[in-house]
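Given next are the chains, with one letter for each unit.
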Amino acid sequence: MENIEDRRFSEVLSELIASAQEVTSLAQSSETERQVFSEFVILVDKFVPILNHLRANIKIMEHPPVQKAVESLGKEFNRAKAMITNPNSKTLLKQVEDMVHDLGRSLGLVLFASLEVSTDFKDKIGALQKDLMNAKFDPSSVASSSRHSEIVSEVEVEDEIQEEKVSLGIDDVVLKLKYANDEVLRLALSFLSELIGSKKVGNDWIEDEGVIPVLFNRLSSGKPEYRLTIIHLLRILALDNAGNKEKMADVGFLSTLVKSLIREEEERREAVGLLLDLSELSDVRRRIGRIQGCIVMLVALLNGDDLIASHDAGKLLNLLSSNTQNALHMAEAGYFKPLVQYLKEGSDMTKILMATALSRMELTDQSRASLGVDGAIEPLVRMFTTGKLEAKLSSLNALQNLSSLAENVQRLIRSGILAPLLQLLFSVTSVLMTLREPASAILARIAESESILINQDVAQQMLSLLNLSSPVIQIHLLQALNSIASHASASRVRRKMKENGAMQLLLPFLMETNFKIRNSALNLVYTLSKDLSQELSEQLGETHITILINIISSSTSESEKAAAVGILSNFPISDKKVTEILKREYFIPLIVSIMTSIPATTKLETQQLEESVAGALIRFTSPSDKKLQLYSAEQGVIPLLVKLLSSKSSIAKCRAATSLAQLSQNSLSLRKSKTSRWFCAPPSANAFCEVHDGHCFVKSTLCLVKAGAVSPLLKILEGKEREADEAVLGALATLLQDEIWENGSNYIAKTSQVQAIIKVLESGNTKAQEKALWILERIFRSEEHRLKYGESAQVLLIDLAQHGDSRLKPTIAKVLAHLELLQFQSSYF
């Protein structure tokens, strides 16, 4: 609850607001000198919001100085009422002017006493006080009725400032600098600037009066406009006398100056300029580097848009970099040139210090790029190849940190590091064993670049090291081998790996308990299995198939599941023995269960798993084995394939469409006739399929229509990616077989997606275009469809006839004949 004192002060302020309003009311109703009082009313009105703010923040009134200031204001309002009620026409202008100035002084007391109010509120009080103190009521101002809000001209204000400057003496200017409020401080700074500029005071006076400490003290607490003036003055003093620089070298003063590096642009520019001026002193250079945040701020200025500040910051950083610790701080702030210079030209111990620090830094790719451009790679490689053990270790660890960026990998390859790395890995010298882990990690990064294939024997060399290495090194070697084998131009390398028994060397790693080793080995086996085809069955027996299925069922890693499923998908489809093993091990129910529980995502690991699963299902949807197809459908494969049509991976979509096409090839022969006598109970109306003209079911007739596959298939054609077009069109073509082409055409037309098929003529590859043309030839047999879609297709068809593959021309001729643009018996093609 509000206490008695608070209530009393609130009442005092309410009375004060009422007094202000009464003053304005009396002034407005006065018949004497109405123009003078109208100017007066404008000023008094401005008190009301300020008094309201004080009343709303009653805690301010707890301070006795504020209470006295408010009481003083109340007395002035009472005097104003008396003056308006009994005006003296001869001296009225002077009376009003004095009254306004007295109100200004009273308001100044409020400003001075209000310690805990916001800066914004103080600014409002200060602005009104300035208006009050500058107010002039002379005949010319009374005559000008259009200037109610601007009581005194800028020239008059300047005159008053000059008069106040004259009233300042040399003896009390420093006193004003120390204690004055903002307005007087401005005058004092201006006066001091004139004294120094006109040489009216010398360095002895500056020292005797303690001007430099006073200026730094005001710099730490002043407003932006005063701080800028203070730094200007300090720069003049610094340039004028070496002794002044010595006084500014105090660490407290320097810390105050450093804070200005993050303020307004002009202040930042002047502050860094002053620091540069002072930096000729060794004490200043030593102390600046130790001030927290200083080097970070200088680096920010170096990289900023202000060319002057950037230039001065660069010069200052260059001076500070003579200290190795400063150079390290600069590197941590993202400025690496001094560190790189030490790597190139420093002493052996300094080089080790820099390399060790670099190996421990948390670098962004942008930082790694900067280090590469600045030339850090070459001296580090020299340290590794020519230095002693400590130099080798620190440089390798630094290179490992830099090597995660592709551009730096190219620099590493050009530096000739590959041969020394391999030589080190083959070394059995115990003193060098500690170097093998960072060496193998760098090698794994280098292997990501196809440039490594310049050395055709590198893969065989790494394979021979696998069983002679520690687990960490094995992981790096396996990752490197997988990168090498994955390169598009690595077919020769893969063949040599296969011929030299790589698979037999890798298979034991599939039973490793160390996840990273097992996962890396799995990925490498998967990569190599893509080229093995028929030989894969000879390399991997039933035991290994069982191991792979156990990994799929027990692993928590989607990446590991993807590699294991991928290996199984690469077994030749014709190998019935593998199919039977997979059925016996419940492979299909397992992957259906896994994929059903995975939400749609853009994760790369999930996409890889989708690709592998879609590839494996091609074996179980082979059109030559209806029994296997029906088994797969019974296990829920078809809804899974439809789901995979919406994968973010084009490969997964292509493979899923291929499986659906294989299933759909047998739908016509599996459909149930409308009049079939084999139904135990009549099927529902929903079971009838308008394409197959019979009763269809997902699990028993493998129908694309009933599976809801047609819409997502057509959606793929609408998209921007073209990789899956051929497989999608192959699936759609099964709905236009000879017996059902008319039903299929009507169904596709009903989906309003014929245009998506036409689009393939423009952007698809030759095989996709061939399938699209085959479908369109059947659709355009119908007059209704010709009328609706023919015009949009004919331009593409003619263009394709003139510029497309010659193998397409016979089918194009048929389609154009349907569109009556060419006769069926034409020999145009």
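Residues numbered from 1 in each chain as written. Predicted model: local features only at pLDDT ≥ 70, side-chain atom pairs only at ≥ 80, totals over all residues. Heavy atoms only, no water.

Under the annotation held in an unreviewed UniProt entry, the protein carries the name Coatomer beta subunit and is attributed to Trema orientale.

K.L.:
Help me get a handle on the packing of helix α29 (residues 458-465) against helix α30 (residues 471-486), residues and values and all.
P.N.:
Contact pair α29 / α30: the axes reach a minimum separation of 10 Å and the direction vectors enclose 155°. Considering their axes alone, α29 and α30 lie roughly antiparallel with respect to each other. Crossing angle aside, the handedness with which α29 passes α30 is left-handed. The residues of α30 that touch α29, namely those facing V458, A459, M462, L463 and L465, are L477, A480, L481 and I484. Among the residues making up the contact of α29 with α30, the classes are represented as 9 nonpolar, no polar and no charged. (Axes fitted to C-alpha atoms, helices over the stretch in contact; angles between N-to-C directions. Helix = DSSP H or I, 4+ residues; strand = E, 2+ residues; numbered from the N terminus. Parallel < 35°, antiparallel > 145°, perpendicular 65-115°, else oblique. Left-handed = near helix turned anticlockwise from the far one by under 90°. Contact = heavy atoms within 4.5 Å. Nonpolar A, V, L, I, M, F, W, Y, C, P; charged D, E, K, R; others polar.)

K.L.:
Outline the side chain of S310, supporting the account with residue identities and numerical values.
P.N.:
Within the secondary structure layout, S310 lies in helix α19 (residues 307-320). Those residues in contact with S310, other than ones at most four positions away along the chain, are L301, L302 and G304.

K.L.:
Describe helix α16 (residues 265-278), naming the residues involved and giving the relevant values.
P.N.:
A rise of 1.5 Å per residue sets the reference length of α16, with its 14 residues, at 20 Å; its end C-alpha atoms lie 20 Å apart and thus fit the reference within 8%. The element α16 is extensively covered by neighbouring structure, given that 10 of its 14 residues are classed as buried. Those residues of α16 that fall on the buried side of the exposure criterion are E267, E270, A271, V272, G273, L274, L275, L276, D277 and L278. The elements touched by buried residues of α16 are α13 (224-240), α14 (242-248), α15 (251-259), α17 (282-290), α18 (294-302) and α19. (Expected span 1.5 Å × (residues − 1). Buried < 20%, exposed > 50% of the residue type's maximum accessible area, 1.4 Å probe, protein only.)

K.L.:
Which residues make up helix α26 (residues 406-414), and what values go with them?
P.N.:
Along an α-helix, residues three or four apart share an orientation, since each turn contains 3.6 residues. Among the residues making up α26, those that are buried are N408, V409, R411 and L412. For α26, the angular spread of the buried residues around the axis is 160°, confining them to a single face. Those residues of α26 that are exposed and angled more than 90 degrees off the buried face are A406 and R414. Directly after α26, the chain includes G416, whose backbone phi takes a positive value near 80°. (Arc of directions from axis to C-beta.)

K.L.:
Break down the environment of I50 for me, citing the residues and quoting the values.
P.N.:
Mapped onto the elements of the fold, I50 is located in helix α3 (residues 47-56). Not counting residues up to four positions away in its chain, the partners in contact with I50 are F121, K124, I125 and L128.

K.L.:
I'd like to hear about unusual backbone geometry, residue by residue, with values.
P.N.:
In this structure, Y586 takes a positive phi of about 60° despite not being glycine. Checked against the element boundaries, Y586 lands in the loop between α37 (576-584) and α38 (587-597). Phi is positive for D693, close to 55°, though the residue is something other than glycine. Mapped onto the elements of the fold, D693 is located in the loop between β1 (688-689) and β2 (694-695).

K.L.:
I'd love a proper account of the layout of surface pockets, names of residues and values included.
P.N.:
Over the atoms a probe the size of a water molecule is rolled, and this reveals where empty space is left. Taken as a whole, the second largest pocket spans an internal volume of roughly 410 Å³. Lining the second largest pocket are 15 residues; nearest its centre among them are E448, I475, Q479, S483 and S520. Secondary-structure elements contributing two or more residues to the lining of the second largest pocket are α28 (436-446), α30 and α33 (515-529). When its residues are assigned to classes, the lining of the second largest pocket shows 4 nonpolar, 8 polar and 3 charged. (1 Å grid on protein atoms, 1.4 Å probe; cavity = no way out; pocket = protein on both sides within 12 Å on 5 of 7 lines; lining within 4 Å. Points joined across faces, edges and corners; volume = space filled by probe spheres on them.)

K.L.:
I'd like to hear about the side chain of H101, residue by residue, with values.
P.N.:
Tracing the backbone shows H101 in helix α5 (residues 92-113). Setting aside anything within four residues of it in sequence, one finds H101 in contact with L132, M133 and A135.

K.L.:
Outline the pattern of salt bridges, supporting the account with residue identities and numerical values.
P.N.:
On inspection of all chains with the given rule, the structure shows 25 salt bridges. With a shortest N-O distance of 2.7 Å, E739 and R671 are connected by a salt bridge. Taken together, the residues E739 in the loop between α47 (725-733) and α48 (741-750) and R671 in the loop between α43 (667-670) and β1 connect sequence positions 68 residues apart. The class for R671 is partly exposed, based on a relative accessible area of 25%. (Salt bridge = Lys/Arg side-chain N within 4 Å of Asp/Glu carboxyl O.)

K.L.:
Pulling in residues and values, what's your account of the packing of α13 against α16?
P.N.:
Axis separation between α13 and α16 bottoms out at 10 Å; the angle between their running directions is 20°. In terms of orientation, α13 and α16 fall into the roughly parallel class. Crossing of α13 against α16: the hand is left-handed. On α16, the residues that touch P224, R227, L228, I231, H232, L234, R235, A238 and L239 of α13 are E266, E267, E270, A271, G273, L274, D277 and L278. Residues of the contact of α13 with α16, tallied by class, amount to 9 nonpolar, 2 polar and 6 charged.

K.L.:
Break down the nonpolar core for me, with residues and values.
P.N.:
If you look at the biggest cluster of nonpolar residues, it comprises 173 residues, and the most contacted ones within it are L358, M497, F587 and I757. Looking at this core element by element, the count peaks at 8 residues for α30. Once residues lying within four places of it in the same chain are set aside, the contact partners of M497 are A459, Q460, L463, L481, A485, A502, L524 and L528. Residues I196, V201, L219 and L274 belong to the second largest nonpolar core, which totals 57 residues. (Core = buried A, V, L, I, M, F, W, Y, C linked by side-chain atoms within 4.5 Å.)

K.L.:
Describe the packing of aromatic side chains, and please don't skip the residues or the numbers.
P.N.:
Enumeration according to the criterion identifies 3 aromatic pairs in this entry. Between F47 and F77 the ring centres are 5.4 Å apart and the planes differ by 80°, which places this aromatic pair in the edge-to-face class. Of this pair, F47 sits in helix α3 while F77 sits in helix α4 (residues 64-85), and the two are 30 residues apart along the sequence. Given the relative accessible area of 0%, F47 is considered buried. A cation over an aromatic ring shows up here: K530 above the ring of Y526, its NZ or CZ 4.7 Å from the ring centre. Over the ring of W741 we find R781; its NZ or CZ atom is 4.9 Å from the centre of that ring. (Phe/Tyr/Trp six-rings, centres within 6.5 Å; stacked < 30°, edge-to-face > 60°. Lys NZ or Arg CZ within 6 Å of the ring centre and 35° of its normal.)

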